[in-house]
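Structural overview
Residues per chain, in single letters:
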Amino acid sequence: MKLDRKEILKALESITVAGEGKNMVESGAIQNVITFGDEVVVDVLLSTPALHIKKRAEVDIMKVIHDKVYEKAKVKVNIKVEASKKEDQPNEIKGKAIPGISNIIAVSSGKGGVGKSTITANLAVTLANMGFKVGVLDADIYGPSMPIMFDVESAKPISIEVDGKSKMQPVQSYGVELLSIGFFTKPDQAVIWRGPMAAKALNQMIFDANWGEIDFMLIDLPPGTGDIHLSIMQSLPITGAVVVSTPQAVALADAKKGVSMFTNESINVPVLGIIENMSYFTPEELPNNKYYIFGKEGARNLAEDLNVPFLGEIPLVQSIREAGDYGRPAALQTATPLEKAFEELARNVVQETVNRNENLPATEAIKITTMAGCAAVKGK
């Protein structure tokens, strides 16, 4: 069969360039298409060297030609990478809302090791069990842990067609939609990226994914106050942020800086509250005893000092760590003190989100209107 170049170009218009919102032909990514009988050579120019983006482009091109032009076509894709002129500009993710997502909550910590990702995973499954539609974006580019915590390490997001455009389908686990850079790297592979490349990878997971209707999108941020934070905070319509800390002074000092980042005039993201993790230790054989290993009520006192809500405290319990390692969040342990602690935390997050949305102009926020949200708040 002799392939038609025009037909191939028309088919390639259904593929979206990762992070740009334009199709491959319109954006100029398709440099040339040459046909020889049943063979076709496609020359592609990309602006990012990220391996997963290059691989996705190659797979999408081959698939669309086989599906829409000729299933037995012999396709060769030549990909060339050329840095965009925009590379010298600030590393910002596109500043636009994600259709269908009502509330975006950034989960942050001033320093690593305070259990931010554990809190994010357990908060997500608790909200899902309360009846909300929940998504998690693992934005901790250099240390993605969500695939392990949700027991989907070997999963790979598939490419689907939505309204004629190629989209990435998030992985679902425990009723939560999930995307992480961990799905695109090997378990032992270090992600050695500069800011621009990391921002582009997040851009793709945010805007080129088929998230669907989501009540709460939780963004698990990297520790600290760096490049990724600024890119997301200044570009996405963040509903609010929560800051996770342990009670000791060293962690609280960094948590204070985290709150300061969100309330900075140039960022101006409402802080929904502070969560205290590893608040106390209670031995299984002494359920009435509490040992304040890292100090007592440090995060609660910090919240009062900064005049932000205190959202709750989560104890230091061995089963939380074990559950995270096994890929089944501890909040799923029914009829336990842990389930109760995470339910109280989730209700407080919902309540503070409702308060935030009610006190801001409608053009800046979408109010929660689901019955599950009302029930969750009233059950507090």
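Rules of the game
- Residues numbered from 1 in each chain as written.
- Predicted model: local features only at pLDDT ≥ 70, side-chain atom pairs only at ≥ 80, totals over all residues.
- Heavy atoms only, no water.
- Helix = DSSP H or I, 4+ residues; strand = E, 2+ residues; numbered from the N terminus.
- Contact = heavy atoms within 4.5 Å.
- Areas by Shrake-Rupley, 256 points an atom, 1.4 Å probe, with all protein chains shown as cover.
- Pairing = 2+ DSSP bridges.
- Buried < 20%, exposed > 50% of the residue type's maximum accessible area, 1.4 Å probe, protein only.
- Axes fitted to C-alpha atoms, helices over the stretch in contact; angles between N-to-C directions.
- UniProt positions renumbered as here; feature names shortened; annotations may be inferred.
- Patch = residues over 30% accessible without salt bridge, like charges linked within 9 Å, V, L, I, M, F, W, Y side chains within 5 Å.
- Salt bridge = Lys/Arg side-chain N within 4 Å of Asp/Glu carboxyl O.
- Phe/Tyr/Trp six-rings, centres within 6.5 Å; stacked < 30°, edge-to-face > 60°.
- Lys NZ or Arg CZ within 6 Å of the ring centre and 35° of its normal.
- pLDDT = per-residue confidence, 0-100.
- Parallel < 35°, antiparallel > 145°, perpendicular 65-115°, else oblique.
- Nonpolar A, V, L, I, M, F, W, Y, C, P; charged D, E, K, R; others polar.
- Left-handed = near helix turned anticlockwise from the far one by under 90°.

A short note on the overall build of the chain
The helix and strand tally for the chain stands at twelve helices and 13 strands. Restricting the contact set of the chain to residue pairs at least 6 apart, pairs at least 24 apart contribute 74%. When the accessible surface of the chain is summed, it comes to about 18300 Å², and 50% of that surface belongs to carbon and sulfur atoms.

Observations concerning the pairing of strand β13 (residues 310–316)
Pairing between strand β12 (residues 271–281) and β13: five bridges, direction parallel. Note that in β13 the partner of Asn277 across the bridge is Ile314.

Some remarks on unusual backbone geometry
Unusually for a residue other than glycine, Asp163 sits at a positive phi of about 55°. Relative to the helices and strands, Asp163 resides in the loop between β6 (158–162) and β7 (165–169). A relative accessible area of 78% means that Asp163 is categorised as exposed. Residues other than glycine seldom take positive phi values, yet Asn307 does so here, at roughly 60°. In this fold, Asn307 is placed in the loop between α9 (298–306) and β13. Relative accessible area serves as the criterion here: at 71%, Asn307 is assigned to the exposed category.

Here's the deal with the sheet that holds strand β11 (residues 240–245)
Remark on secondary structure: sheet strands pair via backbone hydrogen bonds, oriented parallel or antiparallel. Overall, mixed pairing links the eight strands, which are arranged β8-β9-β5-β10-β4-β11-β12-β13 in an open sheet. Since the sheet does not close on itself, it has two edges, and those belong to β8 (171–173) and β13, each with one partner. This sheet shows a mean twist of 25° between the axes of neighbouring strands, independent of strand direction. Direction of pairing for strand β5 (residues 134–138) relative to strand β10 (residues 214–220): parallel, over a ladder of five bridges. Each bridged residue has a counterpart across the sheet, and for Val136 the counterpart in β10 is Leu218. Against the sheet, helix α8 (residues 249–263) touches β4 (101–108), β11 and β12, its axis set at about 170° to β11. Strand contacts of α9: β12 and β13, with the helix running at about 160° to β12, the strand carrying the most contacts.

With respect to the UniProt feature "binding site: ATP" (unreviewed entry) in the chain
Sequence positions flagged by UniProt for "binding site: ATP" (unreviewed entry) are, in local numbering, Gly110, Lys111, Gly112, Gly113, Val114, Gly115, Lys116 and Ser117. Along the chain, Gly113 turns up in the loop between β4 and α4 (116–129). The class for Gly113 is exposed, based on a relative accessible area of 71%.

A short note on a nonpolar patch on the surface
Together, Phe281, Leu286, Tyr291, Ile293 and Phe294 line one region of the surface with nonpolar side chains, adding up to about 430 Å² of accessible area. Inspection of the secondary structure puts Phe294 in the loop between β12 and α9. Residue classification places Phe294 among the partly exposed residues on the basis of a relative accessible area of 30%.

Some words on the packing of aromatic side chains
Any aromatic ring pair is given by two values, namely how distant the centres are and how the planes are angled relative to each other. This model, assessed by the stated rule, comprises three aromatic pairs. Where Phe132 meets Phe216, the ring centres are 5.0 Å apart and the plane angle is 90°; that geometry is what we call edge-to-face. Of this pair, Phe132 sits in the loop between α4 and β5 while Phe216 is found in strand β10, placing the two residues 84 residues apart along the sequence. Exposure class is identical for Phe132 and Phe216. Each is buried. Ring centres of Phe150 and Tyr174 lie 6.3 Å apart, and the angle between their planes is 40°; on these two criteria the pair is classed as tilted. With Phe150 in the loop between α5 (146–149) and β6 and Tyr174 in the loop between β8 and β9 (176–180), the pair connects residues that are 24 residues apart, well separated along the chain. The class of Tyr174 is partly exposed, set by a relative accessible area of 29%. When the ring centre of Tyr280 is taken as reference, the NZ or CZ atom of Lys290 above it lies at 4.4 Å.

Regarding the confidence of the model for the chain
Looking at the chain as a whole, the pLDDT averages 80, with 80% of positions reaching at least 70. A low-confidence stretch, residues 84–94 (pLDDT under 50), is modelled with 26 contacts involving residues beyond four sequence positions or located in other chains. Across residues 361–380 the pLDDT falls below 50, and counting only partners more than four positions away or on other chains, this stretch makes 31 contacts in the model.

As for the packing of α4 against helix α11 (residues 337–358)
The geometry of α4 relative to α11 is characterised by a closest axis approach of 9 Å and an angle of 80° between their N-to-C directions. Here α4 is positioned roughly perpendicular relative to α11, judged by the angle of their axes. Contact with α4, carried on its side by Ile119, Asn122, Leu123, Thr126 and Leu127, involves Phe342, Glu343, Leu345, Ala346, Val349 and Val350 of α11 and no other residues of that element. Residue composition of the contact of α4 with α11, by class: eight nonpolar, two polar and one charged.

Structural notes on the packing of α8 against α9
Two elements in contact, α8 and α9, have axes whose closest approach is 11 Å; the angle formed by their N-to-C orientations is 35°. Between α8 and α9 lies a crossing of right-handed hand. The residues of α9 that touch α8, namely those facing Leu252, Ala255, Lys256 and Val259, are Gly298, Ala299, Leu302 and Leu306. Here the residues of the contact of α8 with α9 sort into six nonpolar, one polar and one charged.

Quick notes on the sheet that holds strand β3 (residues 74–81)
Overall, mixed pairing links the three strands, which are arranged β1-β2-β3 in an open sheet. At either end of the open sheet lies a strand with only one pairing partner, and these are β1 (30–36) and β3. Across the sheet, the mean angle separating the axes of adjacent strands is 15° when strand polarity is ignored. Taken together, the six bridges between β1 and strand β2 (residues 39–46) define a ladder with antiparallel strand orientation. Bridge pairing in β2 links Val33 to Val42.

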